[in-house]
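# Observations on the three-dimensional arrangement
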Amino acid sequence: MAISRMHNISLVKRMVVLYLIGPLLLFIVFCSFITWFVGREMNQELQLSIDSDLKRTINTIDETVGTLTMIAEQMAYGYVSTNLTSMLLEENPYEKSRLIGNISDEINVMSFTNTGIRLLGYYNREKQEFVFLANGAADTHVLPENNYLLNRYEFSFQGPHISYAKNYNDLVISVNKKVPAAEGIDAYVELTLDLNPMNSFLQESEFVIIGSDGHIVYSGIEEGKELLGERKEKGSLGDYFFTRAEGEDGYRVFILVPRKEYYQLFRKMLPAAFFAVLCFGAVFSVVVFLMMKNVVRPLHVFEEEICKIQQGDLENRSYQKTLIPEYDHLLDEVMIMKQRIQGLLEEREAAQRVQAKARVDQLLYKINPHFLMNSLDTIHWLAVAENTKEIDKVARALNKLLYYNLKVDRNTVRLEEEIQAVRQYVLLQQSRFTFQFAVDIQDEKALQARIPRFILQPLVENAIYHGLRENGHLVLMADVEEKLNIYVKDDGEGMEPQMLDELQEEARRGKKEGNKLGIGLNYVIQILREQFGENVTIQVMSRKQEGTIIHISMPFEE
């Protein structure tokens, strides 16, 4: 039912429906694409920012650790450590005061040359106090423990933690290094660490840092401890999305972006996406209107021309141009089609006249042999009346042969009928030539085989005119061995080997205009090939002064 209703809807109505539904579907697809594209671009941009900040943070930590290592080595093994040892052993107050001044100068130089240093000095572990200190004083005499970020060589790095220097609230990484020359004394250095994101998208993001021993050393949020066993590089934690990276020394850094910041970025991009959708809708509406105008109007012109053809109006008149090359080309083709239809109608009338004349000629063709056979029949009765048996026999034979050869109602006959026609032909030839003719049927079944009509007489004719000698013998044989085998044998002159080879080659190739085959044998080969294709074989065997045999093997069909 639905299909039949669809058949009743015109092309114009279908196009209107399609042009209304199509834009809506396309608009939905476009909006979906814009949403997907904006989300993908936002994710990519945010992920690039996150990856960039993570990489920068790890590089900053590594650079800070490297600087701390260099400063701690100078304090533990350099010239300043020698002065420290001498000062601790010196009993002379004046010399001891001089050494203290040298040590202060050295550590102050180190502090000034590294602007990120917040606290630098020597710390007495037993007394839990600083022996020497640069950059002012410390807020506490007790240094942090068990907050290890990583261990590298003989150095233990702690933090990030808040600096212990007075009047500073910076985030730092610190290092303790035992001074080998001064028992109980450690070199202590703090260096600032900047964890603020560089990208404006990540201003509200937080960091969680887990040390190489698996403990949290820094967390910007309370839920940071839930990341201790986390091995995924990306995921979510409460109101945050996190991304993880790992340093060379085994510590891990997590950057956590609030969900609200993520969606706020998406909302910032919505106006641009909405504007793009509106522009697309406006442009598409104009395109649809122009398409409707340029499709429907030409279709009406095209429909008018088709209706004229249906009504039989084939005159070539000028038509209104649509100014659209494709439609104008189709209309030109319609005009050409009208001319061709007119020409075909005229050709058909001429062909009908030719066919009528051909039917008359065919009737005359049938009447003329009919008069010939009637005349032969009259000769037959005259010969009987005059008691001339030889003329009577020839006239009857010719009459039967003409009747057989002029039959057009069927293309195949039984072998028995073909042999009877050959007997009549031989009887006619024996009135002129002296020879013996015999038929040898090895298997009576062969007589019922159906073969193409008029294939034996040409072979017999060739034998009589080109092979037989005076008082010669001509034998027609047939048998059935899977296939029907027919032999035409004479004891005449035979052929030279070279001529026989050429004749066999032409018979094998089936040339339509062979030089050696002659008209009769060539006709037989073509008829058999058309009837049986490659399933028929024709062999010519001959010896000089001994005669010739033509062997035909074809499928047996009853």
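Our subject is the structure listed above.
Now for a quick tour of the structure.

### Examining the overall build of the chain
Scanning the chain for helices and strands turns up eleven helices and 18 strands. Taken over 558 residues, the chain has a buried fraction of 39%. In the chain, 60% of the contacts between residues at least 6 apart in sequence involve partners at least 24 apart. On the chain, roughly 33,400 Å² of surface is accessible, and the fraction owed to carbon and sulfur atoms is 54%.

### Section: a nonpolar patch on the surface
A surface patch of nonpolar side chains, about 280 Å² in accessible area, is lined by Ile-21, Leu-25 and Ile-28. Among the structural elements, Ile-28 can be located in helix α2 (residues 11-77). Overall, Ile-28 belongs to the partly exposed group, its relative accessible area being 45%.

### A closer look at the sheet that holds strand β18 (residues 547-555)
Strands sit in the order β13-β15-β16-β18-β17 across an open sheet of five strands; the sheet is mixed. Strands at the two margins of the open sheet, each flanked by one partner only, are β13 (435-441) and β17 (537-543). Direction aside, the axes of adjacent strands within the sheet are offset by 10° on average. In the sheet, β17 pairs with β18 via seven bridges, with the strands oriented antiparallel. Bridge assignment links Met-541 to a residue of β18, and that residue is Ile-549. Running at roughly 170° to β13, helix α8 (residues 415-430) makes contact with β13, β15 (472-481) and β16 (483-490) of the sheet. Where helix α9 (residues 456-466) meets the sheet, it contacts β13, β15, β16 and β18, and its direction lies at approximately 150° from that of β15.

### Comments concerning the side chain of Arg-244
Here Arg-244 is to be found in strand β10 (residues 240-246). Owing to a relative accessible area of 14%, Arg-244 belongs among the buried residues under this scheme. Polar side-chain contacts of Arg-244 include one of 3.3 Å to the backbone oxygen of Lys-232.

### Things to note about the packing of aromatic side chains
Geometrically, a pair of aromatic rings is defined through the distance of the ring centres and the angle of the planes. All told, the structure shown has three aromatic pairs when counted by the stated rule. Here the guanidinium or amino end of Lys-177 rests over the ring plane of Phe-155, the centre of that ring lying 5.3 Å away.

### What about the environment of Ala-76?
If you trace the backbone, Ala-76 turns up in helix α2. We classify Ala-76 as buried; its relative accessible area is 3%. C-alpha of Ala-76 to C-alpha of Lys-178: the two residues are 102 residues apart in sequence and 6.8 Å apart in space. Aside from chain neighbours lying at most four places away, what touches Ala-76 is Ser-81, Lys-177, Lys-178, Val-179 and Pro-180.

### Here's the deal with the nonpolar core
Within the largest apolar cluster, 45 residues are counted, with the highest numbers of intra-cluster contacts made by Ile-61, Met-75, Leu-120 and Tyr-122. If one sorts the elements of this core by residue count, α2 sits on top with ten residues. Those residues in contact with Ile-61, other than ones at most four positions away along the chain, are Leu-149, Ile-173, Leu-193, Ile-209, Tyr-251 and Val-253. Core analysis: the next-biggest nonpolar cluster, separate from the first, contains 41 residues, Tyr-425, Phe-437, Ala-507 and Val-536 among them.

### Some points on the sheet that holds strand β1 (residues 117-124)
Strand order in the open sheet made by the six strands is β2-β1-β6-β5-β4-β3, with antiparallel pairing throughout. Two strands bound the open sheet, and with one partner strand each, they are β2 (129-134) and β3 (148-152). Recorded for the sheet is a direction-independent mean angle of 25° between the axes of neighbouring strands. Inspection of the sheet shows strand β5 (residues 171-178) paired to strand β6 (residues 185-192) by seven bridges, in the antiparallel sense. Across the sheet, Lys-178 pairs through a bridge with Asp-186, a residue of β6. Packed onto the sheet, helix α4 (residues 93-113) meets β1 and β2 and runs at close to 60° relative to β2.

### Details of the pattern of salt bridges
Within the structure shown, the criterion is met by six salt bridges. Two residues, Glu-246 and Arg-244, come together in a salt bridge whose shortest N-O distance is 3.5 Å. The closest approach of N and O atoms between Glu-416 and Arg-414, which form a salt bridge, is 2.9 Å. Residues participating in the shared-partner salt-bridge network are Arg-414, Glu-416 and Glu-417.

### Points about the packing of helix α3 (residues 79-89) against α4
When two helices pack together, their arrangement is captured by the angle between the axes and the distance separating the axes. One way to put it is that α3 packs onto α4 with a least axis distance of 9 Å and a crossing angle of 155°. By the angle between their axes, α3 is roughly antiparallel relative to α4. Between α3 and α4 lies a crossing whose hand is left-handed. Of the residues in α4, those in contact with Tyr-79, Val-80, Asn-83, Leu-84, Ser-86 and Met-87 of α3 are Lys-96, Leu-99, Ile-100, Asn-102, Ile-103, Glu-106, Ile-107 and Met-110.

### Quick word on unusual backbone geometry
Residue Pro-160 follows Gly-159 across a cis peptide bond; omega there is 5°. Looking at the secondary structure, you find Pro-160 in strand β4 (residues 155-162). Unusually for a residue other than glycine, Phe-454 sits at a positive phi of about 65°. As for its position among the elements, Phe-454 is in the loop between β14 (450-452) and α9. Accessibility expressed as a relative area gives 25% for Phe-454, which makes it partly exposed.

### Quick look at a negative patch on the surface
Taken together, the side chains of Glu-222, Glu-223, Glu-226 and Asp-239 present a region of like negative charge at the surface. Its location among the elements puts Asp-239 in the loop between β9 (234-237) and β10. Of the residues examined, Asp-239 reaches a relative accessible area of 57% and is grouped as exposed.

### Digging into the environment of Tyr-77
By secondary structure assignment, the location of Tyr-77 is in helix α2. Of the residues examined, Tyr-77 reaches a relative accessible area of 47% and is grouped as partly exposed. When the C-alpha atoms of Tyr-77 and Ala-187 are compared, they prove to be 10.0 Å apart, with 110 residues separating the residues in sequence. Sequence-distant contacts of Tyr-77, that is, excluding residues within four places in its chain, are made with Glu-154, Lys-177 and Pro-180. Of note is the side chain of Tyr-77, whose polar atom sits 3.1 Å from the side chain of Lys-177.

### Quick notes on the pairing of β18
Every other side chain in a regular strand lies on the same face of the sheet, so the side chains alternate between the two faces. With eight of nine residues buried, β18 is to be regarded as a mostly interior element. Judged from the eight bridges that link them, β16 and β18 form a sheet pairing that is antiparallel. The residue bridging Asn-485 from the neighbouring strand is Ser-553, located in β18. Connecting the antiparallel pair β17 and β18 is a turn made up of three residues, with Gln-545 showing a positive phi of about 70°.

What counts and how
- Residues numbered from 1 in each chain as written.
- Predicted model: local features only at pLDDT ≥ 70, side-chain atom pairs only at ≥ 80, totals over all residues.
- Heavy atoms only, no water.
- Helix = DSSP H or I, 4+ residues; strand = E, 2+ residues; numbered from the N terminus.
- Buried < 20%, exposed > 50% of the residue type's maximum accessible area, 1.4 Å probe, protein only.
- Contact = heavy atoms within 4.5 Å.
- Areas by Shrake-Rupley, 256 points an atom, 1.4 Å probe, with all protein chains shown as cover.
- Patch = residues over 30% accessible without salt bridge, like charges linked within 9 Å, V, L, I, M, F, W, Y side chains within 5 Å.
- Salt bridge = Lys/Arg side-chain N within 4 Å of Asp/Glu carboxyl O.
- Pairing = 2+ DSSP bridges.
- Axes fitted to C-alpha atoms, helices over the stretch in contact; angles between N-to-C directions.
- Polar contact = N/O pair within 3.5 Å; in protein donor to acceptor, adjacent residues only side chain to side chain.
- Phe/Tyr/Trp six-rings, centres within 6.5 Å; stacked < 30°, edge-to-face > 60°.
- Lys NZ or Arg CZ within 6 Å of the ring centre and 35° of its normal.
- Core = buried A, V, L, I, M, F, W, Y, C linked by side-chain atoms within 4.5 Å.
- Parallel < 35°, antiparallel > 145°, perpendicular 65-115°, else oblique.
- Left-handed = near helix turned anticlockwise from the far one by under 90°.
- Lys, Arg positive; Asp, Glu negative; His and termini not counted.
- Charge placed at Lys NZ, Arg CZ, Asp CG, Glu CD.

By themselves, these figures tell us nothing about what the structure is for.
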